[in-house]
Amino acid sequence: MKRVLILCMFLTQALNVMACHSSALQDQRREAQQPATMSPRDSRDWRAATYRGLTIGTSTRGDALRVFGQPKRVDAPADQAEEEPKPEEWYVYDSGGEFPGTLTVVVDKRTSVVLRIDLHPENLSREEAVRHFGNGYITTRYEFCEGFDDEDSAPLYETSDGQFFSIEYRGRGIAIGLENKDKVGSINYVSKPIAAISSKCK
């Protein structure tokens, strides 16, 4: 009878150990499946976006053409000078984005590297964009330097009182520009900051 009791005690202990071990493994699996939380510093650090297998700053024109096919047209910035050291080519598509709208693959003309991908959605609200991309974003305000009224572009910089708002998933290389506080004007897939962290205006 004592032997039976001792055997039962050993079996009970063994089962408890196995149960604890199984529970620990399940906890580890759950932790691995959960997305890693970002520290406040990480949330402000930009990383290169990957879109449909294209990594911004690494993939090339050829890679983009294999993914999207031949573009509707090829453009260039209207104010791009002939002696521009880093000339851009814009491969424009009527579709291919995560939302209906015009998609532009911006390529470095000399190196063939994809510099960014810009999507201009037809009709997309801020709420819909956040629901699609999820939480974990930061909101940043920007302003343009003055004195560029007659040009197509101007230097952009971060400032707490800027008139332009951007929803940013910097760890994923995604910046969502708002036309106003509620409507999305553009979704940009980038590999680096979209503006200076402070004013560089002359």
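Further up the page is the structure itself.
Remember, it's a predicted structure, so these values are computed and weren't measured experimentally.

Engineer: Give me the lowdown on the sheet that holds strand 8 (residues 156–158), citing residues and values where you can.
Structural biologist: In any sheet, the strands associate via hydrogen bonds between backbone groups, in a parallel or an antiparallel arrangement. Across the sheet, nine strands lie side by side as 3-4-5-6-11-10-9-7-8; this open sheet has antiparallel pairing. The open sheet terminates on both sides in strands that have one partner only, identified here as strand 3 (73–75) and strand 8. Pairs of neighbouring strands in the sheet enclose a mean axial angle of 25°, with direction left out of account. Where strand 4 (residues 88–93) meets strand 5 (residues 101–108), six bridges bridge the pair, whose relative direction is antiparallel. The residue bridging W90 from the neighbouring strand is V106, located in strand 5. Helix-sheet contacts for helix 2 (residues 61–68) involve strand 4, strand 5 and strand 6 (114–121), and the interaxial angle to strand 4 is about 5°. Sheet strands in contact with helix 3 (residues 126–133) are strand 7 (138–144), strand 9 (164–169), strand 10 (174–178) and strand 11 (184–189), and its direction is about 15° off that of strand 9.

Engineer: Could you give an account of the side chain of T140, naming the residues involved and the relevant values?
Structural biologist: Here T140 shows up in strand 7. Overall, the relative accessible area of 5% leaves T140 in the buried class. Engagement of the side chain of T140 in a polar contact is seen with the side chain of E168, the distance being 2.9 Å. A polar side-chain atom of T140 sits 3.5 Å from a polar atom in the side chain of R170.

Engineer: Go over unusual backbone geometry with me, naming the residues and quoting the values.
Structural biologist: Unlike most non-glycine residues, R52 shows phi in positive territory, near 50°. Given the relative accessible area of 48%, R52 is considered partly exposed. At S112, a residue that is not glycine, the phi angle is positive and equals roughly 70°. You can see S112 is positioned in the loop between strand 5 and strand 6.

Thresholds applied
- Residues numbered from 1 in each chain as written.
- Predicted model: local features only at pLDDT ≥ 70, side-chain atom pairs only at ≥ 80, totals over all residues.
- Heavy atoms only, no water.
- Pairing = 2+ DSSP bridges.
- Helix = DSSP H or I, 4+ residues; strand = E, 2+ residues; numbered from the N terminus.
- Axes fitted to C-alpha atoms, helices over the stretch in contact; angles between N-to-C directions.
- Contact = heavy atoms within 4.5 Å.
- Buried < 20%, exposed > 50% of the residue type's maximum accessible area, 1.4 Å probe, protein only.
- Polar contact = N/O pair within 3.5 Å; in protein donor to acceptor, adjacent residues only side chain to side chain.

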